[in-house]
Amino acid sequence: MTSKEGFHWTPEVGLQPGLPSIAVINPPERITSTSKDVSDVIVIGSGYAGLVAARDLTTQGLDVMLLEGRDRIGGRTWHSTVDGFNYDMGGTWIHWEMPHIYREMSLYEMQDDWMVTQNEGGKEDYMTINADGTKTNVTHEEDLKLFVDTWPKFCDIDGTQLRTTIPYPLGSQRLGEHEKWDKISCEERMQQLRPDLTAKEVTVLEAVLLQMGGGPLSNMSLLDAMRWYTLGLWTETGLNDIALRTRLRGGQSSLARNIFQHALRTGRLSYAFNNPVESISESDGVVTVTTRSKKTFKALQVICTIPLNVLHDITFSPPLDSLKTEAFSIGQTNRCNKVHADLDSPDYLSWSSLASPGKGFVSSFADNLTPANRTHLVCFGPTPASPLGINLGDGIEGILDAVKHLLPDNAPEITRLVYHDWDKDEFSQGAWCFYPPNFATRFLQALRRRHGNVHFANADWSYGWRGWIDGAAEQGMSSARAVLKELNPDIPAHL
C-alpha cells in the first residue's frame, strides 16, 4: 500500500508524492460486531502512544474505537520500503536502555531485529566539518574529542555530570529545583562557553544542539539539553550510544503493525482512519468526539494522543484550564527537517558531517548500504523558519544544495532522496519534542492532567524519554492503566 504522505526523488523520475509503507491500513474503517453506541474508550491517534493504549485496553476486555486523521498508523514514527531498503521517516533509533519500547520489542519476539547505524570500515572514514563555509576533514578520533570536549561541558552545570541535579532521569523531574536552568536558553549557555571554545568546537556543539532541538538555540531550553545528557547515563557519549546507534532492521512500522494487529485480534477494536478530529466535548459522563466530516463517536473515556503542537486546533467543551490553553498555544520548538539521501558509492559507509552555520542541514551520517550498494545518509536540518533552515516544499534543488553543503569535495552523485515534511504536516506540526525556555516548569504537570474523562497521552509530556519513541510507549501504557482503574475499579490493572 502507498501512503499519501512523504516524498521520493530520483534524477530519472523527479519528485513524486506518496510513499509505500506497511503502515497504511486497508480497509480504512472497521466497526466490530460488538461495538456499542457508546464505546468504553475512544483513542485518538495511532502513534505508539495510541497503539499501546488501544492494545492494553482491548486485551483487558474493553471495547475501543481508534480514530486517526492519517491513512496509516505510527504518527511521527513510520517507515517506507523503497527498492528493498527501509527508510524511517520520523522516530528511528531505539535501544535496550529504553525500557518501555524494548518491552514492546521483546513482547513480539523482535529482540534480534537490530541493525547498527554509523558502521566502521568505509573507505571515506572521517568526518567533514564545515565551519563558516570552510570544509575540513578530521578523523573520527578527532571528531570524538571535539564532541567530548564540548557536549559534557555544555551540560555539566553542577560539576557532577548532572548526577546531583538530575539523579533519576526516568522519574518525574523535580521541577521546582530545576526552574533556574529551565529559564536559560541553549543560546545563553553557548554564549557563556564561547570564549573558551575553538571555531571547530563551536561548529560541532552548535550543530549537535540544532540536530537535537531544531532551534534556533534561543528557543531551546537548557534544561531539556541537560535531561538528554542524563538519559545517556551521565556519560560523554552515552546519548549517542543509546539513542543514535541501533534501529529496527525491519523498520519502525513493523513493530507498530504488531501492536495494531494484537489489538485487532481481540475482536474489540474498531477503527476509522482518514478521520481528523475537530472537537471533543463531555456531558453527563459521556465524551463525544466529532470529526471534520461531522461524524460523531461517543465513549465513557477518551485517550487523546494528539501532539502538543496540534492541540490548539481542537475545540474542547467544557473549556480547558488556562495553563493547558497557554501551553497549547506556545507549543514545543522542534520543527526540524529529516531527509534521507543515497550516494552513488559504497565508500561512505563510515562518513559523517557537521556544519554551522549550515545551509539548510547541519548534520549527516551514514546509515548502512542499500541493496544497490549505495551509501545511505540521514541528514538533519534546523527548524525551517529559523535563520539556518530551509522549507522542503520550496523545491528539490534547495534540498540537494543543502546536502551537498555537508558533503566533502568530489563526493559522488546523490541518487535518491526520501523524506516527510514534518514542519508542514498538519497532524504533527513539527518533529520530536524539545521545549522552549521556561516551559517545563510552568506547564509540564498541567499537560499531564486529565480534563474530565479525557486523558492526554503523548511523548511530548512523558517521563524519562520525553519526545522519543520510548516516551510514547510509556504514555500509552500509563493512560491505559488510568482508564482501566476508572472503568474497572474492583479489578487491578495489571498490564
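Report on the accompanying structure. Model, not experiment: these values are computed from the prediction.

Turning next to the overall build of the chain. Within the chain, the regular secondary structure consists of 14 helices and 22 strands. Computed over its C-alpha atoms, the radius of gyration of the chain comes to 22 Å, within 12% of the 23 Å expected for a compact globule of 495 residues. Each of the three principal axes of the chain carries a C-alpha extent, and together these read 65 × 55 × 40 Å. Looking at the 495 residues of the chain, the share that counts as buried comes to 62%. When the accessible area of the chain is evaluated, it comes to approximately 18600 Å², of which 50% is carbon and sulfur surface. Considering the chain, the positive charge centre built from 45 side chains and the negative charge centre built from 61 side chains are found 4 Å apart.

Before going further, it helps to examine the layout of surface pockets. Gaps left between atoms show up when a probe the size of a water molecule is rolled over them. What the second largest pocket holds in volume is close to 200 Å³. Along the walls of the second largest pocket sit Arg 448, Arg 450, His 455, Phe 456, Trp 461, Tyr 463, Glu 474, Gln 475, Ser 478, Ser 479, Arg 481 and Ala 482, which together make up its complete lining. Broken down by secondary-structure element, the contributors of at least two residues to the lining of the second largest pocket are β22 (454-456) and α14 (469-487). Of all the elements, α14 adds the most residues to the lining of the second largest pocket, at six residues.

Looking now at unusual backbone geometry. Omega for the bond connecting Gly 215 with Pro 216 falls within 30 degrees of zero, at 0 degrees, which places this linkage in the cis form. You can see Pro 216 is positioned in the loop between α7 (199-213) and α8 (222-231). Across the junction of Ser 317 and Pro 318, the peptide omega takes the value 0 degrees, indicating a cis bond. Mapped onto the elements of the fold, Pro 318 is located in the loop between β16 (315-317) and α11 (322-330).

Before going further, it helps to spend a moment on the pattern of salt bridges. By the definition in use, this model includes 24 salt bridges. Put simply, Asp 149 and Lys 145 hold a salt bridge, and the shortest N to O gap is 2.6 Å. The class of Lys 145 is exposed, set by a relative accessible area of 51%. Of the charged contacts in the structure, one is a salt bridge between Asp 344 and Arg 374, with a shortest N-O distance of 3.3 Å. Here the residue Asp 344 occupies a position in the loop between β17 (337-343) and β18 (352-356), and Arg 374 occupies one in the loop between β19 (363-369) and β20 (375-381), the gap between them amounting to 30 residues. The exposure class assigned to Asp 344 is partly exposed, which follows from its relative accessible area of 43%. Counted as one network, the salt bridges with shared partners bring together Glu 5, Arg 70, Arg 72 and Asp 425.

Another point: the side chain of Thr 117. One can find Thr 117 in the loop between β8 (114-116) and β9 (127-131). A distance of 3.0 Å separates polar atoms of two side chains, one belonging to Thr 117 and the other to Asp 367. Sequence-distant contacts of Thr 117, defined by excluding residues within four places in its chain, comprise Trp 93, Leu 244, Arg 245, Arg 247, Phe 365, Ala 366, Asp 367 and Asn 368.

If you walk through the whole model with that rule in mind, you get two cavities of 30 Å³ or more. In this model, the second largest cavity occupies a volume close to 30 Å³. In terms of lining residues, the second largest cavity is bounded by Asn 86, Asp 88, Thr 92, Trp 93, Arg 247, Lys 338, His 340, Asp 367, His 376 and Val 378. Looking at the lining of the second largest cavity, the elements that each hand over two or more residues are β7 (85-88), β17 and β20. Looking at the lining of the second largest cavity residue by residue, the class counts come to two nonpolar, four polar and four charged.

To continue, consider a negative patch on the surface. Taken together, the side chains of Glu 120, Asp 125, Glu 141 and Glu 142 define an acidic patch exposed on the protein surface. Secondary-structure assignment places Asp 125 in the loop between β8 and β9. Taking relative accessible area as the criterion, Asp 125 reaches 40% and is therefore assigned partly exposed.

The next subject is the nonpolar core. Counting 126 residues, the largest nonpolar core has Leu 57, Trp 151, Phe 154, Phe 260 and Ile 280 as its most contacted members. If you tally residues by element for this core, the top one is α7, at eight residues. The contact partners of Phe 154, leaving out residues within four places of it in the chain, are Cys 186, Arg 189, Met 190, Leu 193, Leu 205, Leu 209, Leu 222 and Ala 225. Grouped together as the second largest cluster of nonpolar side chains are 24 residues, Tyr 126, Tyr 348, Ala 366 and Leu 392 included.

Turning to helix α3 (residues 140-148), its buried residues are Asp 143, Leu 146, Phe 147 and Val 148. Among the structural elements, β9, β10 (134-138), α4 (151-155), α7 and α9 (238-243) are those in contact with the buried residues of α3.

Attention now moves to the sheet that holds β10. Within a beta sheet, neighbouring strands are joined by backbone hydrogen bonds and run either parallel or antiparallel to one another. Here we have nine strands laid out as an open sheet, ordered β2-β1-β21-β17-β20-β19-β18-β9-β10, and mixed in their pairing. In the strand order of this sheet, the two ends are held by β2 (14-20) and β10, each with one partner. Sheet twist, expressed as the average angle between the axes of neighbouring strands with direction ignored, equals 25 degrees. Pairing analysis gives five bridges linking β9 to β10, with the strands arranged antiparallel. If you follow Thr 128 over to β10, its bridge partner there is Asn 137. Along the sheet face, helix α12 (residues 396-406) touches β1 (2-10), β2, β9, β10, β17, β18, β19, β20 and β21 (414-419) and points at about 110 degrees away from the line of β21.

Across the 10 residues that make up α8, a large majority, 10, are buried. Listed in full, the buried residues belonging to α8 are Leu 222, Leu 223, Asp 224, Ala 225, Met 226, Arg 227, Trp 228, Tyr 229, Thr 230 and Leu 231. Packing partners of the buried residues in α8 comprise α4, α5 (175-182), α6 (186-193), α7, α9 and α13 (440-448). The positive-phi residue at the C-terminal boundary of α8 is Leu 233, with phi of around 65 degrees.

Basis of the calculations
- Residues numbered from 1 in each chain as written.
- Predicted model: local features only at pLDDT ≥ 70, side-chain atom pairs only at ≥ 80, totals over all residues.
- Heavy atoms only, no water.
- Helix = DSSP H or I, 4+ residues; strand = E, 2+ residues; numbered from the N terminus.
- Rg over C-alpha atoms; globule rule 2.2 N^0.38 Å.
- Buried < 20%, exposed > 50% of the residue type's maximum accessible area, 1.4 Å probe, protein only.
- Areas by Shrake-Rupley, 256 points an atom, 1.4 Å probe, with all protein chains shown as cover.
- Lys, Arg positive; Asp, Glu negative; His and termini not counted.
- Charge placed at Lys NZ, Arg CZ, Asp CG, Glu CD.
- 1 Å grid on protein atoms, 1.4 Å probe; cavity = no way out; pocket = protein on both sides within 12 Å on 5 of 7 lines; lining within 4 Å.
- Points joined across faces, edges and corners; volume = space filled by probe spheres on them.
- Salt bridge = Lys/Arg side-chain N within 4 Å of Asp/Glu carboxyl O.
- Polar contact = N/O pair within 3.5 Å; in protein donor to acceptor, adjacent residues only side chain to side chain.
- Contact = heavy atoms within 4.5 Å.
- Nonpolar A, V, L, I, M, F, W, Y, C, P; charged D, E, K, R; others polar.
- Patch = residues over 30% accessible without salt bridge, like charges linked within 9 Å, V, L, I, M, F, W, Y side chains within 5 Å.
- Core = buried A, V, L, I, M, F, W, Y, C linked by side-chain atoms within 4.5 Å.
- Pairing = 2+ DSSP bridges.
- Axes fitted to C-alpha atoms, helices over the stretch in contact; angles between N-to-C directions.

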